[in-house]
Amino acid sequence: MASARSAGTPIEFGGKIHTVIEATPEAFEGLDFAIFSAGGDISRALAPEAVKRGCIVIDNSSAFRMNPEVPLVVPEINAHALKNHKGIIANPNCSTAIALMGLYPLHKAFGLKRFFASTYQAVSGTGAKAMAELKQQVFAWTKNEAIEHNVYPHQIAFNVLPHVDSFLDTGYTKEEMKMLNEGRKILELPELVATCTCVRVPVMRAHSISIDAEFERPVDLAVARKAIEDFSGAELKDDPANKIYPMPLDYQGKVKCGVGRIRKNIAFDNGLALWVAGDQLWKGAALNAIQIAEEMDRQGILKK
Ligand SMILES: NC(=O)c1ccc[n+]([C@@H]2O[C@H](COP(=O)([O-])OP(=O)(O)OC[C@H]3O[C@@H](n4cnc5c(N)ncnc54)[C@H](OP(=O)(O)O)[C@@H]3O)[C@@H](O)[C@H]2O)c1
């Protein structure tokens, strides 16, 4: 399904050609579940209509994430929250989901108290038009032509923009507050404290996040590395002496997020610094939505 603009367009999936239909309330009749990824306004308009027709909605937008009636789920962390759903399940913000792939196993080991994060977010997080804009700017630069920008407020090629999403009165952006608010909800830690600076970088695909975290209990590097190794959502990529650390180029199209550069944080008593990279279109969005559907199936929630 897509907008009326795309209705009738052929699309290939699983070796078969399908025809795109317009997303209308009636289109959800008879469906077991639907994954929404068309922005908050569309979700707010169509998700309740789908639910009315018996269709479970897994929503990629931010429209319902902080609604207390709606579970916000990363299956490796809080799959148990799915059983309380009332028709809509929210898929978390991309940077938050990826950061938690590094933070959650460490939280289980040492008890997370607070964290400071900076993100390095790929242009694909803004959608297809932003990817095209970066490509065009790189071509224009190599030909010494004028560089134009429409999607971003400034040139993104050979630049970084400390600006993701819209600014709030506090000076934070909405994206930066998602790390704290969604992190608290997913980890079920209402007292968690976090601050984040979100930065757009000229990377096509996969976000990276630098994290400084403080824990309740003393940290141990061997225990921290083992916790990451044993966690199903992450892989340990941490051998700086051999120049091995997670990089976005290596994590596009990967199921697991990479965690590395783990070290004792000299700014805290019980602190760790770490670096996480992951595909925000996969773990940060589409893959997590599929994993939610698979987990609901496992729990018998999808069956009518
Ligand atoms: N990109 C990411 O990393 C990411 C991560 C997590 C969540 N999200 C969320 O996912 C959503 C989409 O992001 P995106 O990056 O995939 O954007 P995108 O590449 O611009 O795609 C938007 C899609 O929404 C469809 N659409 C627009 N209006 C519609 C309508 N009235 N009814 C049905 N479908 C409609 C479009 O269909 P047409 O082609 O017909 O216009 C298009 O397929 C946003 O809410 C975003 O916040 C994105």
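Below is a summary of the structure that appears in this document. (Residues numbered from 1 in each chain as written. Predicted model: local features only at pLDDT ≥ 70, side-chain atom pairs only at ≥ 80, totals over all residues. Heavy atoms only, no water.)

## Focus on the sheet that holds strand β5 (residues 88-90)
Phase 1 of the analysis: Pairing is parallel in the open sheet, where 3 strands are placed in the order β3-β4-β5. The two strands at the open ends of the sheet, each matched to only one other strand, are β3 (33-36) and β5. Ignoring strand direction, the axes of neighbouring strands in this sheet form an average angle of 20°.
Phase 2 of the analysis: In the sheet, strand β4 (residues 56-59) pairs with β5 via 3 bridges, with the strands oriented parallel. Within β5, the position partnered with Ile-58 by the bridge is Ile-89.
Phase 3 of the analysis: Against the sheet, helix α8 (residues 282-298) engages β3, β4 and β5, with an angle of about 150° to β4. (Pairing = 2+ DSSP bridges. Helix = DSSP H or I, 4+ residues; strand = E, 2+ residues; numbered from the N terminus. Axes fitted to C-alpha atoms, helices over the stretch in contact; angles between N-to-C directions. Contact = heavy atoms within 4.5 Å.)

## Section: a nonpolar patch on the surface
Phase 1 of the analysis: Taken together, the side chains of Phe-33, Ile-35 and Ile-290 make up a nonpolar region of the molecular surface, amounting to roughly 230 Å² of accessible area.
Phase 2 of the analysis: Among the structural elements, Phe-33 can be located in strand β3.
Phase 3 of the analysis: In this structure Phe-33 comes out as partly exposed when scored by relative accessible area, which is 34%. (Patch = residues over 30% accessible without salt bridge, like charges linked within 9 Å, V, L, I, M, F, W, Y side chains within 5 Å. Areas by Shrake-Rupley, 256 points an atom, 1.4 Å probe, with all protein chains shown as cover. Salt bridge = Lys/Arg side-chain N within 4 Å of Asp/Glu carboxyl O. Buried < 20%, exposed > 50% of the residue type's maximum accessible area, 1.4 Å probe, protein only.)

## Concerning the nonpolar core
Phase 1 of the analysis: If you look at the biggest cluster of nonpolar residues, it comprises 50 residues, and the most contacted ones within it are Phe-115 and Ile-211.
Phase 2 of the analysis: The biggest single contributor to this core is helix α3 (residues 94-110), with 8 residues.
Phase 3 of the analysis: Both domain 1 (10-92 + 286-298) and domain 2 (95-279) contribute no fewer than three residues apiece to this core.
Phase 4 of the analysis: Dropping the residues within four chain positions of it, Phe-115 is found in contact with Leu-103, Met-179, Leu-192, Val-193, Ala-194, Thr-195, Ile-211, Asp-212 and Ala-213.
Phase 5 of the analysis: Core analysis: the second largest hydrophobic core is formed by 12 residues, Ile-56, Leu-82, Ile-292 and Met-296 among them. (Core = buried A, V, L, I, M, F, W, Y, C linked by side-chain atoms within 4.5 Å. Domains from an automatic or database assignment.)

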